[in-house]
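Observations on chain architecture
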Amino acid sequence: MAADSSSSWTWRGLVSSADAATAEAIEPATVEAVGQLLDAAGIRRVICVDDWYATAVEVEPIIGGLVAGALPASEVLDVWRESQEALPATDDIEVITEELREAWDSFDEAIKQRMHLLLEADHTAEDGSTEPQDAPALDELRDIIPVQYLTLRLSDWRRESSSLLKDGIPTLLLLDRNFDRESLGPDAGERELVRLYREAPETWRFGLLTHTVADADGEVELWRDLKSRYGEEATRLIVIAKNRLIGRPSEFPSILKVALLNATLKRLSAEIRSAVHSTWESAFQQLEKLDPYALQRALSGRRASEGTWAPDTLLRVAVALCEDKIRVALHNSERVHQDGGLLMRINEISLPVEAEIGVSPGDDIIRVQRLEYLDESSLEARPTLPLEAGDIFKVLRDSDQDPTDAKLAEFVVVVGQPCDLMVRSDGRRNADRLVAVAPIQLEGFSRKRPREGHVGYGDEHWFSIPYLDVERTKIGKVRLNRVFHLPAHVLDLSVVSGDGTATWVKGRPAPTALVPSWQERWKHLDAWVHDLLTEHRPLLEAVSDPLARTSLLKALLGIAHIDLISVNLDFSKYELRFGLSRVARLRDPYRGALVLRAAQREMRQAFDSWLIDSV
């Protein structure tokens, strides 16, 4: 099918003349970056396997298009000119076609393919079965790759792969995903790469070229799909959208960097796994060698009277025995040093553009980042963990509270729990003190203030906890200048309720997972709430106005001064519920940093302000 004479096409990116101005030429910086990346990774050869090379390219269809007027002679001559072969001295079609036929055998395959592409420029099938963008993408690769560059059909690759895999040359193998032109199917490329998982040397790297995804998010989603279907065998490959080559070649170094580092990161992960496993085994052996006299001393005395749970103490000992040894094992590994050096060298290479890589802003890495400073899984698995500084509570709003009110915080965090408030083995606290709590307000990330996204960032007035919201798109700002105090029993209910909410229900038994001291604490709390409500029930029921009844109830519970925390009492169920639910715990050292920041602000001298209003 001939190209529409009303459209003018440019080779780079295969875009119409209206978009030609936006097509990106290959800059020297792109070629330099690709060369530096390949050199740092030790790659000496790039092999591209694509079914475009299986397309028979004959001169006669091109001549037919010229004679019929369907193929502009100017476009053919533009490609011809790049071949360095002599051009016809006239624009006469008969002369051009005759000289084209004579010069055809002297053209290299790239020139032939590019002329042939002119015939297909305007009829890409909607289902993607015809891929006129293949040739432009492969042509971009040829111009970008500064090392040995081989092109093969899949059938040729299968015939020659045995010798290529054994010749000792570190190689980057790029396979097309769809090989319909060779009648091998739309997923032949991915199946071939999976087959190579265990055959290929460690010095080989792999990329799957495809036009079925258009952006970074699509690359990651396809990679995840391949992993779900093929398992571990799919993890050595990196999906590369051909759109990164067509019209946007400066983006290629960014995804190439991922492909080159993929195997290195997998090796490092395996080394860390091995070090952790062997060191933990050693730590357990040392723990088992401790004599019962030493263990008894570590688990008794003040620790027992203060309600410390013995298994927590044993875990603390085990971590102390192995943490440093893991680091030593990694530092003593020659392979770890080699891979660490490679990572450093590649990361120091300047790229022409920092193209988007992966799902933005990186859901997986955000989960890992949160895991580093927030403990959520422990509270989900065991919501009865004793109360500690750094515990974060979700504020549960009443229906009459305006959800858009910026003054109402969405979370609160415990910033101080005096030692005297430790729950002793008898379930009592030595002092009836208040627990210091700070509100947390959520704010969107600002590119103008990127450091606010670092956990612990702030000043004497606030402390940053990023990605605290469910969508993980906002910064949680702990407002240290708005610290208030809650009676300890309000927060204690979140421990003994069994589901993390600050709730009391008459007749509900204590959760069996409570540590012994908190089982005793539950008895005191159950008796306290029951007696309080029984004593004041007539007074509360005598108040008809709901708001007045709630105000009276909050006064009786010691939280009349706190508008943020709601409270609901249902006498029909004999249920008392505070608007708090414990959802996470800040880990050390960030928990210690928060407590220290709050203490510094609380203890500073009055009128300790700046003498200079502005700088």
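The notes below deal with the structure included here. (Residues numbered from 1 in each chain as written. Predicted model: local features only at pLDDT ≥ 70, side-chain atom pairs only at ≥ 80, totals over all residues. Heavy atoms only, no water.)

**Some remarks on the overall build of the protein**
In terms of regular secondary structure, the protein is built from 20 helices and 18 strands. Classification of the 615 residues of the protein by burial places 46% in the buried group. Counting only contacts in the protein whose residues sit at least 6 apart along the sequence, the fraction spanning at least 24 positions is 72%. Carbon and sulfur atoms make up 52% of the accessible area of the protein, which amounts to about 31,400 Å² in all. (Helix = DSSP H or I, 4+ residues; strand = E, 2+ residues; numbered from the N terminus. Buried < 20%, exposed > 50% of the residue type's maximum accessible area, 1.4 Å probe, protein only. Contact = heavy atoms within 4.5 Å. Areas by Shrake-Rupley, 256 points an atom, 1.4 Å probe, with all protein chains shown as cover.)

**Focus on the sheet that holds strand S7 (residues 237-241)**
Spatially, the five strands line up as an open sheet ordered S4-S3-S5-S6-S7, and their pairing is parallel. Each end of this open sheet is capped by a strand with a single partner; those strands are strand S4 (148-152) and S7. Going from strand to strand, the sheet's axes swing by 20° on average, the running direction of each strand aside. Both strand S6 (residues 205-210) and S7 contribute to a ladder of five bridges, which runs parallel. Within the sheet, the bridge partner assigned to Gly207 lies in S7 and is Ile238. With respect to the sheet, helix H9 (residues 216-230) is in contact with S6 and S7, its orientation differing from that of S7 by roughly 145°. (Pairing = 2+ DSSP bridges. Axes fitted to C-alpha atoms, helices over the stretch in contact; angles between N-to-C directions.)

**What to know about the packing of helix H1 (residues 28-40) against helix H10 (residues 252-289)**
Where H1 meets H10, the closest approach of the two axes is 10 Å, and the angle between their N-to-C directions is 5°. Of the possible angle classes, the one that applies to H1 and H10 is roughly parallel. On the side of H1, the interface is formed by Thr30, Ala33, Val34, Leu37 and Leu38, while H10 contributes Phe252, Pro253, Leu256, Lys257 and Leu260. Of the residues that constitute the contact of H1 with H10, the class distribution is eight nonpolar, one polar and one charged. (Parallel < 35°, antiparallel > 145°, perpendicular 65-115°, else oblique. Nonpolar A, V, L, I, M, F, W, Y, C, P; charged D, E, K, R; others polar.)

**Notes on the nonpolar core**
Leu38, Leu141, Ile145, Phe252, Leu256, Leu260 and Ile346 are the most contacted members of the largest nonpolar core, which has 42 residues in total. Here this core gets nine residues from one element, more than from any other, and that element is H10. Non-local contacts of Leu141, meaning those with residues more than four positions away in its chain, are made with Cys48, Tyr149, Leu174, Leu209, Leu245 and Phe252. Phe393, Val395, Leu557 and Phe571 belong to the second largest nonpolar core, which has 40 residues in total. (Core = buried A, V, L, I, M, F, W, Y, C linked by side-chain atoms within 4.5 Å.)

**Notes on the packing of aromatic side chains**
Inspection of every chain in the model, using the stated rule, returns six aromatic pairs. On the basis of an interplanar angle of 80° and a centroid distance of 6.2 Å, the ring pair of Tyr373 and Tyr590 is categorised as edge-to-face. In this pair, Tyr373 sits in helix H15 (residues 363-373) while Tyr590 sits in helix H20 (residues 590-603), placing the two residues 217 residues apart along the sequence. The class for Tyr373 is buried, based on a relative accessible area of 0%. Taken together, the aromatic side chains of Trp80, Trp104 and Phe107 make up a single cluster linked through ring pairs. Cation over ring: Lys394 sits above Phe411, and NZ or CZ is 4.8 Å from the ring centre. The cationic tip of Lys477 hangs over the ring face of Trp462; the distance from NZ or CZ to the ring centre is 4.4 Å. (Phe/Tyr/Trp six-rings, centres within 6.5 Å; stacked < 30°, edge-to-face > 60°. Lys NZ or Arg CZ within 6 Å of the ring centre and 35° of its normal.)

**Some details on the packing of helix H17 (residues 488-496) against helix H18 (residues 516-542)**
At their nearest, the axes of H17 and H18 sit 10 Å apart, and the two run at 125° to each other. Our classification of the angle between H17 and H18 gives oblique. Considering only the axes of H17 and H18, their crossing is left-handed. Contacts between H17 and H18 involve His489, Asp492, Leu493, Val495 and Val496 from the former and Trp518, Arg521, Trp522, Leu525 and Trp528 from the latter. Grouping the amino acids of the contact of H17 with H18 by side-chain chemistry returns seven nonpolar, one polar and two charged. (Left-handed = near helix turned anticlockwise from the far one by under 90°.)

**Points about the environment of Pro88**
Structurally, Pro88 is set in the loop between helix H3 (73-82) and helix H4 (93-103). Overall, the relative accessible area of 12% leaves Pro88 in the buried class. Considering only alpha carbons, one finds Pro88 and Leu77, eleven residues apart in sequence, at a separation of 8.8 Å.

**Here's the deal with the side chain of Lys477**
Tracing the chain through its elements places Lys477 in strand S14 (residues 474-479). Within the structure, Lys477 has its side chain in polar contact with the side chain of Glu443 (distance 3.0 Å). (Polar contact = N/O pair within 3.5 Å; in protein donor to acceptor, adjacent residues only side chain to side chain.)

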